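# Structural overview for review
Take a look at the letters that make up each chain.
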Amino acid sequence: MNPENLLLEVDGPVALIRLHRPRQLNALNDALMDELAQALQQYDADPAIGCVVLTGSDKAFAAGADISAMATKDHMQAYGEDFITRNWERMRSVRKPVIAAVAGYALGGGCELAMMCDFIIAADDARFGQPEIRIGIIPGAGGTQRLPRAVGKSKAMDMVLTARMMDAAEAERAGLVSRVVPAASLLQEAMEVARTICSFPRQTVMMAKECVHRAFETPLADGLMFERRLFHSLFGTHDQREGMAAFLEKRQPHFENR
Ligand code: HXC
């Protein structure tokens, strides 16, 4: 693929996707989100890729959905074209881990896109917010659902109702991001984390991701049962035998993704 709004790079088993509409602070329009959905699907299907890193620029991960593209939309148009669902929601079907590496602004749809990823690594200058209320709308790509799950009701309400931004330190304290790193080393750190994930058995990583996602979709008893069944299934694999044998023999494991 030859996208106009993304920069794509592959480094060993890690695919790096950079959002690239620099003049609009990576405002997310349909063309960009179509390309992103396509790139994610392509990497997910590629057996050589084990993990995806999604990032923006130094100034902005993404400053939101593209307001100029939404300004004149009417109800039937939004419904008819399946706005958001058609392309943004494709992220939910990606089975390999996707890490958001966020520097600068992650606002509105940008914050929602980061939260759709499996976890967020933030630069120390990152700023998160759901400021949609300022332009007469509410978050529409999961902000009212994923943000309270990440930071609790009180902080989520505060952000959604007042449009205030959260800095990286607060985002880490609140559990929105998994780690904060110096802005200058964000990409290097995120790629290193991705390489670590890629060193583990591929299908086991995918099962672990699937299980954690279940925690947000099911009652505890069902989630535990889902986890237990996948856990049991791993005892039929080469990589379980190899991983445990390597530990006991005090050597590095040699995983074969089977
Ligand atoms: C379209 C945008 C944009 C956006 C910035 N730009 N954000 N264009 N949609 N969301 C454009 C500006 O119009 C400007 O274009 C250029 O990017 C640079 O932005 P500035 O405002 O000049 O930069 P700065 O002064 O540094 O301010 C940065 C900012 C501000 C604080 C991030 O741009 C801002 O408040 N942006 C909007 C944030 C927002 O409301 N996001 C939520 C959108 S609604 P020109 O041509 O003038 O240079 C949303 C809905 C989600 O996301 C629900 C469905 C997914």
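The structure we're discussing is the one just above.
Not measured: the values here are computed from a predicted model.

Quick look at the packing of helix α9 (residues 202-214) against helix α10 (residues 220-233) now. Between α9 and α10, the shortest axis-to-axis distance is 10 Å and the interhelical angle comes to 170 degrees. When the interaxial angle is binned, α9 and α10 end up roughly antiparallel. Taken together, the residues of α10 that come into contact with α9 (itself represented by Met207, Glu210, Cys211 and Arg214) are Phe226, Glu227, Leu230 and Ser233. Among the residues forming the contact of α9 with α10, the class breakdown is four nonpolar, one polar and three charged.

Leu19, Leu54, Phe61, Leu113, Phe128 and Leu176 are the most contacted members of the largest nonpolar core, which has 47 residues in total. Residue contacts for Leu54: discarding those within four places in its chain leaves Ile17, Leu19, Leu36, Phe61, Met91, Val98, Ile99, Ala100, Ala101, Leu113 and Cys117. Counting residues in hydrophobic clusters, the runner-up holds 18 residues, among them Cys51, Ile99, Val181 and Ala194.

Per the stated rule, a full pass over the model turns up one aromatic pair. A cation over an aromatic ring shows up here: Lys73 above the ring of Phe83, its NZ or CZ 4.6 Å from the ring centre.

Let us look at the sheet that holds strand β7 (residues 119-123). One open sheet holds the six strands; their spatial order is β1-β2-β3-β5-β7-β10, and the pairing between them is mixed. The sheet is open, and its two edges are formed by β1 (6-11) and β10 (179-181), each paired on a single side. With strand direction ignored, the average angle separating the axes of adjacent strands in the sheet is 20 degrees. For strand β3 (residues 51-55) and strand β5 (residues 98-102), the ladder comprises four bridges, and the chain directions are parallel. Paired with Leu54 across the two strands is Ala100, which belongs to β5.

It is worth spelling out a nonpolar patch on the surface at this point. A surface patch of nonpolar side chains, about 250 Å² in accessible area, is lined by Ile67, Ile135 and Ile137. Within the secondary structure, Ile67 is located in helix α2 (residues 67-70).

What the rule picks out here adds up to 17 salt bridges. We note a salt bridge from Arg86 to Asp34, for which the minimum N-O separation is 3.0 Å. Here Arg86, found in the loop between α3 (75-80) and β5, pairs with Asp34, found in helix α1 (residues 30-45); they are 52 residues apart in sequence, far enough to count as distant. Look at Arg86 and you get partly exposed, because its relative accessible area is 36%. Among the salt bridges present, the one from Lys73 reaches Glu81, with a minimum N-O distance of 2.5 Å. You can call Glu81 partly exposed: its relative accessible area is 24%.

Turning our attention to the pairing of strand β2 (residues 14-19). Most of β2 sits out of view: five of its six residues are buried. One ladder, built from six bridges, connects β1 with β2; its direction is antiparallel. Residue pairing for β2: Leu7 is matched across the bridge by Arg18. The loop that links β1 with its antiparallel partner β2 comprises two residues; one of these, Gly12, has a positive phi angle of about 60 degrees. Looking at chain direction, β2 and β3 are connected through five bridges and run parallel. If you follow Ile17 over to β3, its bridge partner there is Leu54. Viewed along the sheet, the connection from β2 through α1 into β3 turns out right-handed.

Reading guide: rules and limits
Residues numbered from 1 in each chain as written. Predicted model: local features only at pLDDT ≥ 70, side-chain atom pairs only at ≥ 80, totals over all residues. Heavy atoms only, no water. Axes fitted to C-alpha atoms, helices over the stretch in contact; angles between N-to-C directions. Helix = DSSP H or I, 4+ residues; strand = E, 2+ residues; numbered from the N terminus. Parallel < 35°, antiparallel > 145°, perpendicular 65-115°, else oblique. Contact = heavy atoms within 4.5 Å. Nonpolar A, V, L, I, M, F, W, Y, C, P; charged D, E, K, R; others polar. Core = buried A, V, L, I, M, F, W, Y, C linked by side-chain atoms within 4.5 Å. Buried < 20%, exposed > 50% of the residue type's maximum accessible area, 1.4 Å probe, protein only. Phe/Tyr/Trp six-rings, centres within 6.5 Å; stacked < 30°, edge-to-face > 60°. Lys NZ or Arg CZ within 6 Å of the ring centre and 35° of its normal. Pairing = 2+ DSSP bridges. Patch = residues over 30% accessible without salt bridge, like charges linked within 9 Å, V, L, I, M, F, W, Y side chains within 5 Å. Areas by Shrake-Rupley, 256 points an atom, 1.4 Å probe, with all protein chains shown as cover. Salt bridge = Lys/Arg side-chain N within 4 Å of Asp/Glu carboxyl O. Right-handed = clockwise from strand over helix to strand, strands pointing away.

Note that every value here comes from positions in space, so none of it alone points to a role or purpose.
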